[in-house]
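Each chain, written out:
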Amino acid sequence: MGLFTANNVWMLVSTVLVFIMHLGFSTLEAGFVQKKNVVNILFKNAMIIAIGILTYYIVGFNLMYPGGDPGGFFGFAGFGLDPGPDYVPIEYVDGAYTYWTDFIFQAMFAATAATIVSGAVAERIKLGPFLIFATLLVAVCYPITGMWKWGLGWLDAMGFADFAGSTLVHACGGAAALAMVILLGPRAGKYTDKGIKPIPGHSMPLAAIGVFLLWFGWFGFNGGSVLSGDPEGVSLVFVTTSLAASAGAIGAFFASYFMFKSFDLSMVLNGILGGLVGITAGADVISPAMSIVVGAIAGVIIPFSVVFFDKIKIDDPVGATSVHLVCGIWGTLAVGIFGGANFLTQLIGTLSVIGFTFAFSIAVGYAIKATIGLRVTEEEEMKGLDIEEHDMMAYADAVEGGSYNLAVK
Amino acid sequence: MGLFTANNVWMLVSTVLVFIMHLGFSTLEAGFVQKKNVVNILFKNAMIIAIGILTYYIVGFNLMYPGGDPGGFFGFAGFGLDPGPDYVPIEYVDGAYTYWTDFIFQAMFAATAATIVSGAVAERIKLGPFLIFATLLVAVCYPITGMWKWGLGWLDAMGFADFAGSTLVHACGGAAALAMVILLGPRAGKYTDKGIKPIPGHSMPLAAIGVFLLWFGWFGFNGGSVLSGDPEGVSLVFVTTSLAASAGAIGAFFASYFMFKSFDLSMVLNGILGGLVGITAGADVISPAMSIVVGAIAGVIIPFSVVFFDKIKIDDPVGATSVHLVCGIWGTLAVGIFGGANFLTQLIGTLSVIGFTFAFSIAVGYAIKATIGLRVTEEEEMKGLDIEEHDMMAYADAVEGGSYNLAVK
Amino acid sequence: MGLFTANNVWMLVSTVLVFIMHLGFSTLEAGFVQKKNVVNILFKNAMIIAIGILTYYIVGFNLMYPGGDPGGFFGFAGFGLDPGPDYVPIEYVDGAYTYWTDFIFQAMFAATAATIVSGAVAERIKLGPFLIFATLLVAVCYPITGMWKWGLGWLDAMGFADFAGSTLVHACGGAAALAMVILLGPRAGKYTDKGIKPIPGHSMPLAAIGVFLLWFGWFGFNGGSVLSGDPEGVSLVFVTTSLAASAGAIGAFFASYFMFKSFDLSMVLNGILGGLVGITAGADVISPAMSIVVGAIAGVIIPFSVVFFDKIKIDDPVGATSVHLVCGIWGTLAVGIFGGANFLTQLIGTLSVIGFTFAFSIAVGYAIKATIGLRVTEEEEMKGLDIEEHDMMAYADAVEGGSYNLAVK
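Summary of the structure given here. (Residues numbered from 1 in each chain as written. Chains lettered and ligands numbered in written order. Predicted model: local features only at pLDDT ≥ 70, side-chain atom pairs only at ≥ 80, totals over all residues.)

### Remarks on the overall build of chain A
Step number 1: When its secondary structure is counted, chain A shows 15 helices and four strands.
Step number 2: Its C-alpha radius of gyration of 21 Å places chain A within 12% of the 22 Å reference for a compact globule of 409 residues. (Helix = DSSP H or I, 4+ residues; strand = E, 2+ residues; numbered from the N terminus. Rg over C-alpha atoms; globule rule 2.2 N^0.38 Å.)

### Focus on the environment of valine 33 of chain A
All names here are of chain A.
Step number 1: With respect to the helices and strands, the residue valine 33 is situated in the loop between helix 1 (2–32) and helix 2 (38–64).
Step number 2: Judged by local crowding, valine 33 falls into the buried class, with 29 C-beta atoms found within 10 Å.
Step number 3: Between the C-alpha atom of valine 33 and that of glycine 173, which follows or precedes it by 140 residues, the distance is 19 Å.
Step number 4: The residues contacting valine 33, other than those within four sequence positions of it, are Val38, Ile41, Ala122, Glu123, Gly201, His202 and Pro317. (Buried ≥ 20, exposed ≤ 12 C-beta atoms within 10 Å, placed from the backbone. Contact = placed C-beta atoms within 7 Å.)

### Remarks on the environment of phenylalanine 43 of chain C
Step number 1: Tracing the backbone through its elements, the reader meets phenylalanine 43 of chain C in helix 2 (residues 38–64).
Step number 2: The buried category is assigned to phenylalanine 43 of chain C, around which 28 C-beta atoms lie within 10 Å.
Step number 3: In this structure the C-alpha to C-alpha distance between phenylalanine 43 of chain C and valine 169 of chain C, which are 126 residues apart in sequence, comes to 22 Å.
Step number 4: Other than its neighbours up to four places away in sequence, phenylalanine 43 of chain C contacts Phe263, Leu265 and Val268 of chain A together with Leu127 and His390 of chain C.

### What about the relation of the copies chain B and chain C?
Step number 1: Once chain B has been moved 0.0 Å along the axis and rotated by 120°, it coincides with chain C to within an RMSD of 0.0 Å. The symmetry that links the two subunits is that of a three-fold axis.
Step number 2: Looking at the interface residues of chain B, only 9% of them are also at the interface in chain C, so each copy uses its own face. (Least-squares fit on C-alpha atoms with pLDDT ≥ 70 in both.)

### As for the interface of chain B and chain C
Step number 1: With 55 residues of chain B in contact, the opposing surface of chain C contributes 55 residues.
Step number 2: Of all the secondary-structure elements, those providing two or more residues to the side of chain B that touches chain C are helix 1 (2–32), helix 2 (38–64), helix 3 (99–120) and helix 14 (385–390) of chain B.
Step number 3: When residues in the side of chain B that touches chain C are grouped by element, the largest group, 18 residues, is from helix 1 of chain B.
Step number 4: Residues belonging to the side of chain B that touches chain C are distributed by class as follows: 39 nonpolar, twelve polar and four charged. (Nonpolar A, V, L, I, M, F, W, Y, C, P; charged D, E, K, R; others polar.)

### Examining the interface of chain C and chain A
Step number 1: Opposite the 55 residues of chain C that make contact, chain A presents 54 residues.
Step number 2: The set of elements that each furnish at least two residues to the side of chain C that touches chain A consists of helix 1 (2–32), helix 2, helix 3 (99–120) and helix 14 (385–390) of chain C.
Step number 3: Broken down by element, the side of chain C that touches chain A gets its largest block of residues, 18 residues, from helix 1 of chain C.
Step number 4: By residue class, the composition of the side of chain C that touches chain A is 39 nonpolar, twelve polar and four charged.

### Observations concerning the packing of helix 1 of chain B against helix 7 (residues 204–223) of chain B
Residue and element names in this part refer to chain B.
Step number 1: Between helix 1 and helix 7, the least distance of the axes is 7 Å, while the angle of their chain directions is 155°. Taken together, the axes of helix 1 and helix 7 are roughly antiparallel relative to one another. Handedness of the helix 1/helix 7 crossing: left-handed.
Step number 2: When the residues that make up the contact of helix 1 with helix 7 are grouped by side-chain class, the tally is 21 nonpolar, nine polar and no charged. (Axes fitted to C-alpha atoms, helices over the stretch in contact; angles between N-to-C directions. Parallel < 35°, antiparallel > 145°, perpendicular 65-115°, else oblique. Left-handed = near helix turned anticlockwise from the far one by under 90°.)

### Focus on the relation of the copies chain C and chain A
Step number 1: Placing chain C over chain A gives an RMSD of 0.0 Å and needs a rotation angle of 120°, together with 0.0 Å of translation along the axis.
Step number 2: A different interface surface on each copy is seen, since only 9% of the contact residues of chain C are contact residues in chain A too.

### Describing helix 11 (residues 288–311) of chain A
Residues and elements named next belong to chain A.
Step number 1: Taking 1.5 Å of rise per residue, the 24 residues of helix 11 would be expected to cover 34 Å, and the 35 Å separating its terminal C-alpha atoms lies within 8% of that figure.
Step number 2: Along its length, helix 11 reaches its greatest deviation from straightness, about 30°, at isoleucine 302, and the proline proline 303 lies no more than four positions downstream.
Step number 3: Of the residues trailing helix 11, lysine 313 is marked for its positive phi of about 60°. (Expected span 1.5 Å × (residues − 1). Bend = angle between axes of the 7 residues up to and from the residue.)

### What to know about unusual backbone geometry
Step number 1: A positive phi angle, close to 65°, is found at leucine 152 of chain A, a residue other than glycine.
Step number 2: Examined against the element boundaries, leucine 152 of chain A turns out to sit in the loop between helix 5 (127–149) and helix 6 (154–158).
Step number 3: We note that lysine 261 of chain B has phi near 55°; this positive angle belongs to a residue other than glycine.
Step number 4: Note that lysine 261 of chain B resides in the loop between helix 8 (231–260) and helix 9 (265–280).

### Observations concerning helix 1 of chain B
Step number 1: End to end, helix 1 of chain B covers 45 Å across 31 residues, agreeing with the expected 45 Å (1.5 Å per residue, within 8%).
Step number 2: Among the 31 residues of helix 1 of chain B, 31 are classified as buried, and the element is accordingly described as predominantly covered.

Right, here's the structure in full:
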């Protein structure tokens, strides 16, 4: 009973930590967009977590963990959840946790994929269409590909290794983001005849708060993926996760300094995230020393990847495709290099999930584009989505010490 | 020993989570006020948590848990705290926790009632009088009504159900807020002959940070109210709490869209809070499916309630009365509908606590108003409380790249 | 196994809490500097945590816990970490935790000393030289003085008491900060013929977020220093820590009101931190009632100390020397007054650590100053470090609803 309780406490603490990653994403994305689109990005993030939890309750969990024969491609255990009267706690490794713990921990992961998309498509997507896309992504696509590994599907049967989701969560979200960015096109004025125009984010403090909160939450994301409070397992994961994040910062620091000859805060922040995404697939099996290598390479990848996507006119205001898609692939392959997994299997696994998610996203996104449309008008984009879609400003700027007459609606 | 330790760890983690709700309230309220009153609201919130913990140590805990015969209306176990040499850990359900754990977990709750008030009376109350009122509310009023249920007083004897405090904490704070708003009157220029003038908050990112942190902390607020780390109990509470919060967002989304024809971020944020307040009384006994209903109704209530209070000229800048008073009542009654409690008992319980708190607040508030005054001068209100009461600005606006000569005091 | 798991879970939760203190320091320092130096301070803080964890892995942990004979002054167990195949969990008091838990918990502490420095030297130090100094401080100096007590060195053998590091962490960081401020000199225009010119911080919300997050993290900093989840021990530490922080706020409130006749938010915020630093050395042995006294005195110290340092032209934009050095000394001595330790031993201990750290910092700082230089040019200081060192602004200020043409690099 003591062990059961201690394990379950750890899983619930992890749940809380993964939850707060949604605040991390919110402030990161809010910081990296322009002042006129801040309410919009906050609105999306508040809705996504709500939609993610509810749809995971209604269909997602039962799509991702359908039970039945292992090795499959698709399964569904029915709508809604009910552990039933004969329910016994889930036994795992050195412990156990309850049915509801299992659900709520996994539910916190589900919304992540859509959140990754929201940053990449920021500043020009219409709210309604985005919410429809996000709902389908978290309710249908993410649980299906997640089942391939975590629901004991065909990738698990092949021996594919993805501890906490470099591929299943991050590359999945990144692939969906890439698909939507392609369908949407870049922000107006970003790529001009004279070259690429930087559109700087409106608040570096918000972005930095976001990255620290994401790292904070990642202790639950990776640490909770041990699925018990096993002391040796969780503490090792803490170490590999922290070393990779740190090495990601250092890697991005040097790489971006050599590329841009300046100390670029957004690169270092994304380097931390790259290191975290990179170690996520192998945090349980890669040694601390090698986790530094994995993280440093992820950090170096970041500025190159950001510049590359800009060159091919993939306009991603927050760098989500570089962080989540590119470093997600790297992290998955790294388990084949440093973590004892089969490299080819890792490659097949990550390409399958990315391919399915990309195709799903293009199909759904195209259907939305063809019917109700995906993109705001040029005028809306100019004026900002906050005024046009929300009738509100992020920062109502009453004159200091002056009248409080300013009314925005 | 393992079980005792695991339970106590959970109670301490919950304590930490409830603590950070005070940062959530701080940023939520700071975001919803004007730029010129931000220092003031932050100052109040920093003081309230300090006052709350100290007075709870000196008198509050012994007023709320006086021991002695159950079923009473008032009791007091004396000033200061000392577990004594013969002290044994508190046994509860499937576990135990220490005397000091008991105290510090409850102490984190105590300041909440006053914090709820601070948002509602923002932008026009004088600092000193507010702090006096807040001290009396948390030191005397909140522990007395809290004792009626949690200290095994007369409401507990009646069978009143209020798991984590929809009534005892939230409606209590909301009733005090309503009393003070009535005594204070609306902000200058809010209700004019031409209609109601919106006074938008100065920072939506701060408001959003607040709501996410409150949800984050609510896992400890509700989860810790299980009073042990009992796996089945705590994990169920996590699920009902999360589903209700999510449903609150969705409910407020649709209701406010139909009312205002725009995607109103502040409504969705308050919808999340409404859902959380709503499930708080019954998070342990309401089923996951029904918790969605409870949360959705709370979310729908929010825009209607906000508009209603504006119509009757109750000027509450952050919507605290709608979130905490109205949804607190709803949540308490909901246990009578979906959670097996007696509806009439629930009604009596919530009305008694609200009535006592309202009367206490009117009496204390009126006494302060009649002696040292409650409200700042019109000129101070125009200029902002930050300059007048604090000789400081929230955002000292040195010209970019220019001189750093700006001195505010 | 249940007890081992529960203890280890608590140590890992504490690790996470200490980690987020680095976000607290980041926002606190960012809030207290001018708008033009915000990217710079965020950049430093992101790098420091990365450098701290990596160097602690490479050399710090093995300098701080060298093993071998107790009572020594210096030891080193070699580069890198490897628990080895015969490793057994570390037994401590009522529990145990793993090797990696031990490392990662201590690693989170290591970067703190450098972070304390970054606030004090803000707005005029060059980035590269600062990072070199910070690396040496956390990799070499902090682990050596830390070993004197926590690595069972000569101060431990003398009976020196410093539970969670009023001296070993805070006064150490404060002494390094003082040394660097002396070498750097004050910000341009701070001390003029006409008197001292206040240079207000650019964002009080960021500063307040920082203080709340630091308090939040302190539950892990002090609570985790019990080195087990021992219910009686950790819960008592929670109570003394919270009471001291609260009393610090109240002490600073009254002291600063009597000194300045205004309600000074930055003093109250620093009062909370002073109370926290003050109780850190004796949180395990000072009674709750006496912890209020310790915290209140720390709070009263704050405004006096801040004014004193300004009078002797020690320009510390965030008050780090007052909070960490002065209250760190106070807290260490307080264990000799209220906690049963020998006062003289406490005095010797704190002076030794401060003396060593100060001398180390002067030596390293001077060597940097004499070679590559410490300080930015006057022009850079005027324009702000963000543009000059980072080619970036913290708040890219596109005109509301207007063009998004503003490019900063």
